[in-house]
Amino acid sequence: MKIAVLKEGAGETRCAAIPETVKKFIALGAELSVERGAGDGASIPDADFEAAGAKLGSRADALKGAGIILSVSGADAATLKGAEKGALLVGALDPLRRRDAVEAYAAAGLEALAMEWMPRITRAQSMDVLSSQSNLAGYKAVVDAAAVYGRAYPMMMTAAGTVSPAKVFVMGVGVAGLQAIATARRLGAQVSATDVRSATKEQIQSLGAKPIFVENVAGIEGEGAGGYAAEMSPEYQKAQAELVSSHIAKQDIVITTALIPGRPAPRLISKAQIATMRPGSVIVDLAAEAGGNVEGTVSGQTVEQNGVKIIGAANLARSLAADASALFSRNLYNFLSAFWDKEKGGPVFPDDDEIVKGVRLTQGGKVVNERLTAA
Ligand code: NAD
């Protein structure tokens, strides 16, 4: 089985393989072919891939006869010629926003597998690219806020007087939110956090932060279906807005991460609430690409309202390319190796497997994923 590792397009710094996963795939019996320069954005020199046992070459060399193509953000089908018929294309393919690209994968006879549609089940935890990348984004959001905040995070008692600790409020306590809480705590901030899922209350407390929860209207008991939140009732939204209004005016840094699968991100902070914050405060909106949790967010940009900086964070994992590539690559290896059939010398995907049903987008020239065919 030949596995091709592609150099990503402009703007994508990550790489879908690292020397460690190259070695592991070779140990499974595969042959690895890496497009020259594939690791540049993640500071992995071609020589390191070569030392791990991969062949280096042009894109055409890498693709020629490949049965598996590894990519971070999914190249267009037109640039994938030369691979075997029925070759697997594995990556974060963004199927809802790249519907035409998915159709083109089907037409090209590729079997496209979208890693971000990995089901949230225990067996798939080590294959979950959303978790591995969100964790890094949660960390980076806090660090990026620190870089533009004109004050310090920790309390400092100095001969020239005391610096008071920053107050950080995290809204949405999934994978990114938990890492944001932990990072802000490590930097010495006073941290509070909120979510709609009751299960997060204990997690917030266990990280040494203060839970701020709507008490008078029921939220989501426990984890919520598949670990995900749902859209909340108008009563809940009203109660949440009141709670946020009274809390946010006292906060210096706010990190928002709230997402609802298949829906625009819930609006959690209004312009009127931002106007109550102290000038110099910073909001990082990690949901910016999904429409934003904050009124006025612009994805990929920093805007200012009443002296409050609002960072519309887009794909922060890309700014930690080396770590993000390592975790992403291991997710891909964990996925493919779990289905590896030694005799066939490659992965075999049973049609009725929950993971396969979740991630498989195209097969036999057709789009087959229910989430796409039902839409
Ligand atoms: P996510 O990115 O979908 O959403 C981020 C957070 O925003 C969630 O905690 C959600 O409850 C919250 N949120 C949604 N609407 C909100 C609102 N109106 N106000 C406040 N908060 C709101 O979530 P995620 O980070 O992917 O993780 C969610 C859960 O799934 C976690 O408990 C996580 O541990 C679990 N998970 C399990 C697996 C697995 O078992 N394989 C993998 C990933 C995540």
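Residues numbered from 1 in each chain as written. Predicted model: local features only at pLDDT ≥ 70, side-chain atom pairs only at ≥ 80, totals over all residues. Heavy atoms only, no water.

Q: Before we go on, may I ask you to explain the nonpolar core in this structure?
A: Nonpolar side chains tend to gather and get buried jointly when the protein is soluble and globular. In this structure, Phe25, Phe49, Leu70, Val90, Phe335 and Leu336 are the most contacted members of the largest nonpolar core, which totals 44 residues. Broken down by secondary-structure element, the contributors of at least two residues to this core are strand S1 (2–5), helix H1 (19–27), strand S2 (31–35), strand S4 (68–70), strand S5 (88–91), helix H10 (321–338) and helix H11 (354–359). With seven residues, H10 is the largest single contributor of residues to this core. Among all residues touching Val90, those that are not within four sequence positions of it are Ile68, Ile69, Leu70, Ser71, Leu113, Met115, Leu332, Phe335 and Leu336. Membership of the second largest hydrophobic core comes to 28 residues, among which are Ala137, Ala141, Phe213 and Leu286. (Core = buried A, V, L, I, M, F, W, Y, C linked by side-chain atoms within 4.5 Å. Buried < 20%, exposed > 50% of the residue type's maximum accessible area, 1.4 Å probe, protein only. Helix = DSSP H or I, 4+ residues; strand = E, 2+ residues; numbered from the N terminus. Contact = heavy atoms within 4.5 Å.)

Q: Whenever I open this one, unusual backbone geometry confuses me. Can you help?
A: If a residue is not glycine, its phi is most likely negative; likewise, a peptide bond is most likely trans. Positive phi, normally seen in glycine, also occurs at Asn306, with a value near 50°. As for its position among the elements, Asn306 is in the loop between strand S14 (302–305) and strand S15 (308–312). Although it is not a glycine, Asn315 adopts a positive phi angle of roughly 45°. Along the chain, Asn315 falls in the loop between S15 and H10.

Q: Please clarify how the side chain of Thr297 should be interpreted in this entry.
A: The topology assignment puts Thr297 in the loop between strand S13 (282–285) and S14. Of note is the side chain of Thr297, whose polar atom sits 2.7 Å from the side chain of Asp285. Engagement of the side chain of Thr297 in a polar contact is seen with the backbone oxygen of Val294, the distance being 3.1 Å. Not counting chain neighbours up to four residues away, the residues in contact with Thr297 comprise Asp285, Ala288, Ile310 and Gly312. (Polar contact = N/O pair within 3.5 Å; in protein donor to acceptor, adjacent residues only side chain to side chain.)

Q: I tried to follow the environment of Ala104 on my own but got confused; where do I start?
A: Along the chain, Ala104 turns up in helix H4 (residues 99–107). Given the relative accessible area of 31%, Ala104 is considered partly exposed. A sequence separation of 229 residues divides Ala104 from Tyr333, and the C-alpha atoms of the two residues are 25 Å apart.

Q: Where do I start with the packing of aromatic side chains in this structure?
A: Think of a pair of aromatic rings as described by two things: how far the centres are apart, and how the planes are tilted against each other in angle. The tally for this structure, following the rule as stated, stands at six aromatic pairs. Between Phe25 and Tyr333 the ring centres are 5.0 Å apart and the planes differ by 70°, which places this aromatic pair in the edge-to-face class. With Phe25 in helix H1 and Tyr333 in helix H10, this pair connects stretches of sequence that are 308 residues apart. No difference in accessibility class separates Phe25 from Tyr333, as the two residues are buried. Consider the rings of Tyr149 and Tyr153, whose centres lie 6.4 Å apart with planes at 80°: the pair is edge-to-face. Residue Tyr149 shares its accessibility class with Tyr153, and that shared class is buried. The cationic tip of Lys201 hangs over the ring face of Phe213; the distance from NZ or CZ to the ring centre is 5.3 Å. One cation-aromatic arrangement involves Arg371 over Trp117; the distance from NZ or CZ to the ring centre is 4.0 Å. (Phe/Tyr/Trp six-rings, centres within 6.5 Å; stacked < 30°, edge-to-face > 60°. Lys NZ or Arg CZ within 6 Å of the ring centre and 35° of its normal.)

Q: Whenever I open this one, helix H6 (residues 175–186) confuses me. Can you help?
A: An α-helical turn contains 3.6 residues, so any two residues separated by three or four positions project in the same direction. Here H6 spans 17 Å end to end across twelve residues, near enough to the 16 Å set by a 1.5 Å rise per residue. Gly188 sits one or two positions beyond H6 and adopts a positive phi of about 95°. (Expected span 1.5 Å × (residues − 1).)

Q: Whenever I open this one, the pattern of salt bridges confuses me. Can you help?
A: As a working rule, side chains carrying opposite charge can pair if their charged atoms are close by. By the definition in use, this model includes 17 salt bridges. The partner of Glu111 in a salt bridge is Arg360, and the shortest N-O contact between them spans 2.9 Å. Residue Glu111 is found in strand S6 (residues 111–114), and its partner Arg360 is found in the loop between H11 and strand S18 (362–363); the two are separated by 249 residues along the sequence. There is no split in this pair, since Glu111 and Arg360 are both buried. Connected through shared salt-bridge partners, Glu12, Arg14 and Arg318 make up one network. (Salt bridge = Lys/Arg side-chain N within 4 Å of Asp/Glu carboxyl O.)

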